[in-house]
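# Analysis of the macromolecular model
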Amino acid sequence: MRLLMTLLLASVSLPAMAGEFWISNEKDNTISVLDEATLEVTRTIEVGKRPRGIIFSKDFKTLYLCASDSNTVQVIDPETGAVLNELPSGEDPEQFALHPDNRHLYIANEDDAITTVVDVVERKVIAQIDVGIEPEGMAVSPDGKIAITTSETTNMAHWIDTATNQIVANTLVDQRPRHAEYNKDGSELWVSSEIGGTVTVFNTADQSEKGKIEFAIKGVYRDKIQPVGVKLTSDGKHAFVALGPSNHIAVVDQATREVLSYILVGRRVWHMAFNADESLMVTTNGVSGDVTIVDMKTLEAVKTIKVGRFPWGAAYRP
Amino acid sequence: MLKTALLPAAFVAAISISVSTACADIQVTIGYLEKQVPAPPVLYNLDEIPENEGLAGARIAIKDNATTGRFLKQGYTLEEVVIPEDGDTLAGARELLAKARFLVVKAPAADLLAIADMAEAQGALIFNAGAPDVALRDADCRANIFHTLASRDMLADALAQFSVSKRWTRWAMIHGVHEGDLALKAALENSARKFGLTIAGQKEWAFDADMRRNAAQEVPLFTQDFEEHDLLLVADEIGDFGRYILYNTWAPRPVAGSEGMTASTWAASVEANGAVQLQNRFRKQAERGMTAIDYAAWAGVRAVGEAVTRLNTTDPAAIRSFMLSADFELAGFKGAPLTFRDWNGQMRQPIPLSHPRALAAMAPLDGFLHERTPLDSLGLDKPESKCTRFGG
């Protein structure tokens, strides 16, 4: 594998300005780095065990990675791929969200029913908040006032006041919530329910339910349609929902919450990432071990690229 | 937070675990009742039968419920009663039913029915976590018994679907002489008929020799005269002789049923669909792997918790009708929501087909369709079931 990477590196000349998609490979303990211009894997970086949640700092100078089975969040230099240090994360970190202050990470500790707040500068745990069983989905509101944890077996979104680190509201959703995502202006929170097969949209002003989205793909039985990752375009037009073992991404109208179409990607699709101008989207296809590139104008899959085993998370840096 | 009280009694060991919050608006008490049964001797000496099989699953689930309940001001208590082999089952059940209207029961079918038919059990809701008997989902069903453990016919159908999908259409079968072995044999025969498989030969295991010494000599001869078959099935529910069949057969054939690839409600090698989390949580507390009976007890307690969460009531009648409705769903780490069949109270669920090291497949297998859900291709379907106590 290393030899192959060396050969690849030697044979591909990198465009200086192109961005990169970073993909965490859950069962390979690696990250695959994809060049945005060539759409090829340019680097494979060895990381901790069972890498899942993956995000860049707001200035894209640092990568944070949940190494779930190493019980740590790794801090990685994206230029060199070197692990700079590790953050105390609590046990089994799965997903996390970075506060707009670029300093506080909110981490879901799946095995411990805890959300851990870490100061990435001091590398210190600031608070641990008791949440429901198997916390997973994490989000921080654009204004930084509220952090969200969704818990898979408790079936709730927990609304945490970031000033006090206290839960201020709990809202029930359908079975096994996996992911939470704010829209651009923070007025809506979208929460996917994997086993319930739905996405619940909340009005963040009063945590009331604004609507619920259901999915139906011709020829695919309902139980296979398992919403996981959610991404909302910043122009407010589209929402994309990764539908797990149905192997499709749903394209949803953000305003009307109507499902517009389904895009066939790889097997067991988990998460997505956009590039800078939101002209491309990458989807991680866990079972098929590849990622699919979707053209956001035509809303069609344009290319499939082999990465490591069980790609899970995706992040983009310009 | 964890309060344990020992209640001395001549015929039962009763323990109460309360994981409720002090300021709860709603208090839910769930009873766990186990009737201990003698374990028949087996050839192999190293099997460990966990003493708290079932109970350990209920304890994990009550904690799961309580964690969720904390956010909704709902408290949960598990009352545990274990009745020894010579104990009075109905007296234990009576004591428990005075405290709890929801019961998870691990007991043989006859005891389960006797409990369900008690005057005190009318209006209560019982979850069967220990008896796989088909009759309990058929003519012997009760309106107050739901089944979270898969029935033998569901397991046999899962094996048959796997065989069909592999085009292993000819079975041979070796069965033991215990009641459970014969029941499993009957279920496998039914499944073979249902899915168009041929049973090319059957033999009863009637040896009393110690197979640790001579399995290598006995089993090849014992299996030599089977007609041509693709898969060798073993019906040996107590784990007596089946393990000595593997690798000792005359013809090189895979083994399934009670040994080799097994169909079960839950298995230690299930890891996808978040199952790792349940397995880890269980192992941390019980210091062993989670079995099918642990899972069934977990699912019973969780089903009550899920219904209370959604309805905010402890009324068994309201909870019963909610569980039988299309609105009830429970996430159970098997890749599909768990629901209840409204004609016999059986929990619909995927069935893992596994060996000790990995999952081979999850039933229903692709391509086995059904008008309601592929899950109903496993076990007694509505028109087949003679259960009439669910209004069917």
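Just so it is clear, the model here is predicted, and its values are computed rather than measured. (Residues numbered from 1 in each chain as written. Chains lettered and ligands numbered in written order. Predicted model: local features only at pLDDT ≥ 70, side-chain atom pairs only at ≥ 80, totals over all residues.)

### Brief notes about the overall build of chain B
- For chain B, the count of helices and strands is nine helices and 16 strands.
- Against the globule reference of 21 Å for 392 residues, chain B gives a C-alpha radius of gyration of 21 Å, in line with a compact fold.
- Counting over 392 residues, chain B shows a buried share of 53%.
- Counting contacts in chain B only where the partners sit at least 6 residues apart, residues at least 24 apart contribute 70% of the total. (Helix = DSSP H or I, 4+ residues; strand = E, 2+ residues; numbered from the N terminus. Rg over C-alpha atoms; globule rule 2.2 N^0.38 Å. Buried ≥ 20, exposed ≤ 12 C-beta atoms within 10 Å, placed from the backbone. Contact = placed C-beta atoms within 7 Å.)

### Some remarks on helix α9 (residues 316-323) of chain B
Residue and element names in this part refer to chain B.
- Taken together, the buried positions of α9 are Ile 319, Arg 320 and Met 323. In a view along the axis of α9, the buried residues occupy a sector of 100°, so they form one face of it.
- Where α9 is buried, its residues contact β6 (125-128), β7 (145-147), α8 (292-311) and β13 (339-340). (Arc of directions from axis to C-beta.)

### Some points on the interface of chain A and chain B
- Taken residue by residue, the interface counts 18 residues in chain A and 16 residues in chain B.
- Residue classes in the side of chain A that touches chain B are distributed as six nonpolar, six polar and six charged. (Nonpolar A, V, L, I, M, F, W, Y, C, P; charged D, E, K, R; others polar.)

### Section: the sheet that holds strand β1 (residues 20-25) of chain A
Residues and elements named next belong to chain A.
- Taken in spatial order, the four strands make up an open sheet running β3-β2-β1-β28, and their pairing is antiparallel. Lying at the two open borders of the sheet, with one neighbouring strand each, are β3 (41-46) and β28 (311-317). Averaged over all pairs of adjacent strands, the angle between their axes in this sheet comes to 20°, without regard to strand direction.
- The pairing of β1 with β28 spans six bridges and is antiparallel. By the bridge assignment for β28, Phe 21 is matched with Tyr 316. (Pairing = 2+ DSSP bridges. Axes fitted to C-alpha atoms, helices over the stretch in contact; angles between N-to-C directions.)

### So, the confidence of the model for chain B
All names here are of chain B.
- Overall, the predicted model of chain B reaches an average pLDDT of 92, with 93% of residues at or above 70.
- Every residue in residues 1-11 is under pLDDT 50, and counting partners more than four places away or in other chains gives 15 contacts.
- For this predicted complex, the interface score ipTM comes out at 0.85, while the overall pTM is 0.90. (pLDDT = per-residue confidence, 0-100.)

### What to know about the pairing of strand β6 (residues 72-76) of chain A
All names here are of chain A.
- When you tally the buried positions in β6, you get four out of five residues, the bulk of the element.
- The pairing of strand β5 (residues 63-67) with β6 spans five bridges and is antiparallel. Across the sheet, residue Cys 66 finds its bridge partner in β6, namely Val 73.
- In this antiparallel pair of consecutive strands, β5 and β6, the connection spans four residues, and Asn 71 shows a positive phi of 55°.
- The pairing of β6 with strand β7 (residues 83-88) spans five bridges and is classified as antiparallel. Following the sheet pairing, Gln 74 is matched in β7 by Glu 86.
- Two successive antiparallel strands, β6 and β7, enclose a turn made up of six residues, where Gly 81 displays a positive phi of approximately 80°.

### Here we look at helix α4 (residues 152-166) of chain B
Residue and element names in this part refer to chain B.
- Over its 15 residues, α4 extends 21 Å from the first C-alpha to the last, a length consistent with the 21 Å expected when each residue adds 1.5 Å.
- The buried fraction of α4 amounts to twelve of the 15 residues, a majority that puts the element mostly inside the structure.
- Among the residues of α4, those classed as buried are Arg 152, Asp 153, Met 154, Leu 155, Ala 156, Asp 157, Ala 158, Leu 159, Ala 160, Gln 161, Phe 162 and Ser 163.
- Where α4 ends, the next residue or the one after it, Arg 167, has phi of about 60°, a positive value. (Expected span 1.5 Å × (residues − 1).)

### Things to note about the pairing of strand β4 (residues 74-83) of chain B
Residue and element names in this part refer to chain B.
- Extensive coverage of β4 is indicated by the burial of ten of its ten residues.
- Here β4 shows no split at all, with Gln 74, Tyr 76, Leu 78, Glu 80 and Val 82 on one side and Gly 75, Thr 77, Glu 79, Val 81 and Ile 83 on the other all buried.
- Strand direction decides the pairing type here: strand β3 (residues 26-35) and β4, joined by ten bridges, are parallel. Its bridge partner being in β4, Tyr 32 is matched across the sheet by Glu 80.
- For the crossover that starts at β3, traverses helix α1 (residues 55-70) and ends in the parallel β4, the hand is right-handed. (Right-handed = clockwise from strand over helix to strand, strands pointing away.)

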